[in-house]
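One letter stands for each residue in the lines below.
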Amino acid sequence: MKHLCDIRPSDGDPYPVLCGGDSATALASVWRAEWRQAVVLGDTTTSELFGRSIASGLRTRGCEVLELEFPPGEDHKNRATKERLEDAMLSAHIERGACIVAVGGGVPLDVGGFIAATYLRGIAHINVATTLLAQVDAAIGGKTGVNTPHGKNLIGAFHHPRAVLLDVDALGSLPTAELRYGLAECAKHATLRDELLFIELERLADDVRPPSAELIQRSVAVKAAIVSADPFERGERAVLNFGHTVGHALEAATNHALPHGAAIAVGMVIESRLAARRGWLDASDLTRLSTLLTRLGLPVHAPCSFERAAPFFSGDKKTTAGRIRCAIPERIGIVRAYEGSWTRVVTQAELREAWT
Ligand SMILES: NC(=O)c1ccc[n+]([C@@H]2O[C@H](COP(=O)([O-])OP(=O)(O)OC[C@H]3O[C@@H](n4cnc5c(N)ncnc54)[C@H](O)[C@@H]3O)[C@@H](O)[C@H]2O)c1
């Protein structure tokens, strides 16, 4: 794998992001001798496709390996799953010097990272990302967590991985719909900070296929720069929540029937429509973004009423003193702080108006 960059969180050691094929060999290159035990954790699909060979590679190197899995999907990213996996680790006498290798999309990575953050008050973990969405977004930045009936990702921790491996070969088996969800996050990064990436997405939009390593790299570069500047989301990192105020509410309101990437696509359009009405974003940029997402095969209309989603706005992590906040770009490729804040206060009435 190629070394893409190092993420340099202000509170911890830098960690490498590697990109390419053969994650088992790449894992060996970042493995530390002090990690005598490994917990290879994925959903049943990613464990079968990738986890087994990673585990057997680690065993060959003399490591004691526990393999853990849970059913795929957002519905299983919850406290019950975390508890069950932790109990299995405790029963297997996994010690503080162990390293969790989370293998899969954003769901196993978020769950594995959160277990690593709290197990015996914190152990090491490595992310092996096998969906496009995880490669350009979820694997990087140290956010971990689980969902609750009150909303998405409401229980979690910041806990940085020791290394991130982006297995681009894995994208060969990824269903096209999942590729589209990952492209939604690429479009988010492009809209925030990289107009050339946006133009590249416009160029390939009608023929969705696993993107080039260069495109993944550009998207990762946007996220890496932002999380390195603000690892704990005290300011600038909030811009990565563009589309997420509405998107997370839609995911919760539909009981995750609307997948994360699709929800973010709809969220970006609704939040941009609101921004265009407020004069924060040019209407032509809204049209350009909405057109790109549609051409990528992503939804741009809410699948449920505003009233159904509204209760979840108050639980959004950006909501402060009851005021709903959205991260809004200034134009395609540029996002800046506005009056000292990276998010803007919006009202329920404005969101309702922007809904369609
Ligand atoms: N921590 C963060 O910073 C962050 C950022 C963005 C998103 N997320 C989270 O990520 C999650 C969404 O991630 P996701 O879209 O990767 O979902 P996911 O992990 O559920 O993966 C989607 C599906 O693809 C399957 N799959 C994974 N890799 C495969 C492969 N190579 N071939 C075939 N099938 C494969 C999985 O089994 C699953 O069914 C959400 O929970 C979201 O909140 C977290």
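Here the structure is a predicted model, which means the values were calculated and not measured. (Residues numbered from 1 in each chain as written. Predicted model: local features only at pLDDT ≥ 70, side-chain atom pairs only at ≥ 80, totals over all residues. Heavy atoms only, no water.)

The next subject is the packing of aromatic side chains. For any pair of aromatic rings, geometry is given as the distance between the ring centres together with the angle between the planes. Summed over the entire model, instances satisfying the criterion amount to 6 aromatic pairs. Aromatic pair Phe306 and Trp355: ring centres 5.3 Å apart, planes at 85 degrees, arrangement edge-to-face. Of this pair, Phe306 sits in helix H12 (residues 306–309) while Trp355 sits in the segment after helix H13 (348–354), and the two are 49 residues apart along the sequence. An identical accessibility class is assigned to Phe306 and Trp355; each is buried. Ring geometry for Phe313 versus Trp355: centroids 6.4 Å apart, planes at 85 degrees, classification edge-to-face. (Phe/Tyr/Trp six-rings, centres within 6.5 Å; stacked < 30°, edge-to-face > 60°. Helix = DSSP H or I, 4+ residues; strand = E, 2+ residues; numbered from the N terminus. Buried < 20%, exposed > 50% of the residue type's maximum accessible area, 1.4 Å probe, protein only.)

For the rest of this paragraph, the subject is the pairing of strand S5 (residues 99–104). Two faces make up the sheet, and in a regular strand the side chains alternate between them. The buried fraction of S5 amounts to 6 of the 6 residues, a majority that puts the element mostly inside the structure. Residue alternation in S5 divides its side chains into two sets, Cys99, Val101 and Val103 and Ile100, Ala102 and Gly104, and both sets are buried. Alignment of strand S3 (residues 37–43) against S5, held across 5 bridges, turns out to be parallel. In the strand pairing of S5, Val39 is matched with Ile100. Taken together, the 6 bridges between S5 and strand S6 (residues 124–129) define a ladder with parallel strand orientation. Looking at S6, one finds that Val103 is bridged to Val128. (Pairing = 2+ DSSP bridges.)

The next subject is the pairing of S6. In terms of burial, S6 is largely enclosed, as 6 of its 6 residues are buried. Following the chain from S5 across helix H4 (residues 106–118) to the adjacent parallel S6, one finds a crossover that is right-handed. Note: S6 against strand S9 (residues 163–167), 4 bridges, orientation parallel. Along S9, the bridge assignment pairs Ile126 with Ala163. (Right-handed = clockwise from strand over helix to strand, strands pointing away.)

Before going further, it helps to examine the packing of helix H9 (residues 244–253) against helix H10 (residues 260–278). Orientation of H9 relative to H10, taken along the N-to-C sense of each, is 135 degrees, at an axis distance of 7 Å. As far as their axial angle goes, H10 and H9 are oblique. The crossing of H9 and H10 is right-handed. Packed against H9, whose contacting residues are His244, Thr245, Val246, Gly247, His248, Leu250 and Glu251, the element H10 presents His260, Ala263, Ile264, Val266, Gly267, Ile270 and Glu271 at the interface. Within the contact of H9 with H10, the residues separate by chemical class into 6 nonpolar, 6 polar and 2 charged. (Axes fitted to C-alpha atoms, helices over the stretch in contact; angles between N-to-C directions. Parallel < 35°, antiparallel > 145°, perpendicular 65-115°, else oblique. Left-handed = near helix turned anticlockwise from the far one by under 90°. Contact = heavy atoms within 4.5 Å. Nonpolar A, V, L, I, M, F, W, Y, C, P; charged D, E, K, R; others polar.)

To continue, consider the packing of helix H7 (residues 195–204) against helix H11 (residues 283–295). The interhelical angle for the contact between H7 and H11, taken along N-to-C directions, is 45 degrees, at an axis separation of 10 Å. Taken together, the axis directions place H7 and H11 in an arrangement best described as oblique. As H7 packs across H11, the resulting crossing turns out to be left-handed. Counting all contacts with H7, which are made through Glu195, Phe198, Ile199, Leu201 and Glu202, the residues of H11 involved are Arg288, Leu289, Leu292 and Arg295. Across the contact of H7 with H11, the residue classes break down as 5 nonpolar, no polar and 4 charged.

As a further point, take the nonpolar core. Ranked by internal contacts, the top residues of the largest apolar core, which has 82 residues, are Leu166, Leu201, Leu250, Leu293 and Phe313. Looking at which element gives the most residues to this core, the answer is H10, with 10 residues. Shared between two domains, this core takes at least three residues from each, and those domains are domain 1 (2–173) and domain 2 (176–225 + 236–354). Each residue touching Leu293, except ones within four places of it in the same chain, is listed here: Ala187, Ala265, Met268, Val269, Leu298 and Val300. If you look at the next biggest cluster of nonpolar residues, it comprises 23 residues, including Trp35, Val40, Leu58 and Ala163. (Core = buried A, V, L, I, M, F, W, Y, C linked by side-chain atoms within 4.5 Å. Domains from an automatic or database assignment.)

Now for the sheet that holds S9. As summarised here, the arrangement of the 7 strands in space is S1-S2-S9-S6-S5-S3-S4, forming an open sheet in which the pairing is mixed. For this open sheet the edge positions go to strand S1 (2–7) and strand S4 (64–70), each flanked by a neighbour on one side alone. Within the sheet, the average angular offset between the axes of one strand and its neighbour, ignoring direction, is 20 degrees. As paired strands, S3 and S4 are joined by 7 bridges and run parallel to one another.

Under the defined criterion, the tally for this structure stands at 0 disulfides. The closest cysteine sulfur to the non-disulfide-bonded Cys5 is located on Cys19, 9.8 Å from its own sulfur. The closest cysteine sulfur to the non-disulfide-bonded Cys326 is located on Cys304, 16 Å from its own sulfur. (Disulfide = S-S within 2.5 Å.)

A separate point is the site of the ligand. Surrounding the ligand, one finds 29 residues, the nearest of these being Glu74, Lys77, Thr131, Lys152 and Ser173. For the ligand, an oxygen atom lies 2.8 Å from a polar atom in the backbone of Gly106. At 2.7 Å, a side-chain N or O of Thr131 approaches an oxygen atom of the ligand. Isolated, the ligand exposes 870 Å² of accessible area, and the fraction of that covered by the protein chains is 90%. Secondary-structure elements contributing two or more residues to the shell around the ligand are helix H2 (44–60), H4, helix H5 (132–138), strand S8 (151–158) and helix H6 (176–193). Split into classes, the residues belonging to the shell around the ligand amount to 10 nonpolar, 9 polar and 10 charged. Residues from two domains meet in the shell around the ligand; each of domain 1 (2–173) and domain 2 (176–225 + 236–354) gives at least three. (Near = heavy atom within 4 Å. Polar contact = N/O pair within 3.5 Å; in protein donor to acceptor, adjacent residues only side chain to side chain. Areas by Shrake-Rupley, 256 points an atom, 1.4 Å probe, with all protein chains shown as cover.)

Glancing now at the domain arrangement of the chain. By domain assignment, the chain separates into domain 1 (2–173) and domain 2 (176–225 + 236–354). Taken over C-alpha atoms, the centre of domain 1 sits 26 Å from the centre of domain 2. The partner domain 2 presents 29 residues to the 27 residues of domain 1 that form the contact. Carbon and sulfur atoms supply 66% of the area buried between domain 1 and domain 2, which totals about 2,300 Å² over both sides. Among the residues of domain 1 in contact with domain 2, Leu132, Val136 and Lys152 are the three that bury the most area, contributing 27% of the side total. Where domain 1 packs against domain 2, one counts 3 salt bridges. A salt bridge links Lys152 to Glu251, with the nearest nitrogen and oxygen atoms 3.0 Å apart. The tally of links from domain 1 across to domain 2 stands at 7 residue pairs in polar contact (both at pLDDT 80 or more). Of all elements in the fold, only S1, strand S2 (15–20), H5, strand S7 (143–148) and S8 reach the threshold of two or more residues within the side of domain 1 that touches domain 2. Its residues assigned to classes, the side of domain 1 that touches domain 2 shows 15 nonpolar, 6 polar and 6 charged. (Buried area = accessible area lost by both parts, 1.4 Å probe. Salt bridge = Lys/Arg side-chain N within 4 Å of Asp/Glu carboxyl O.)

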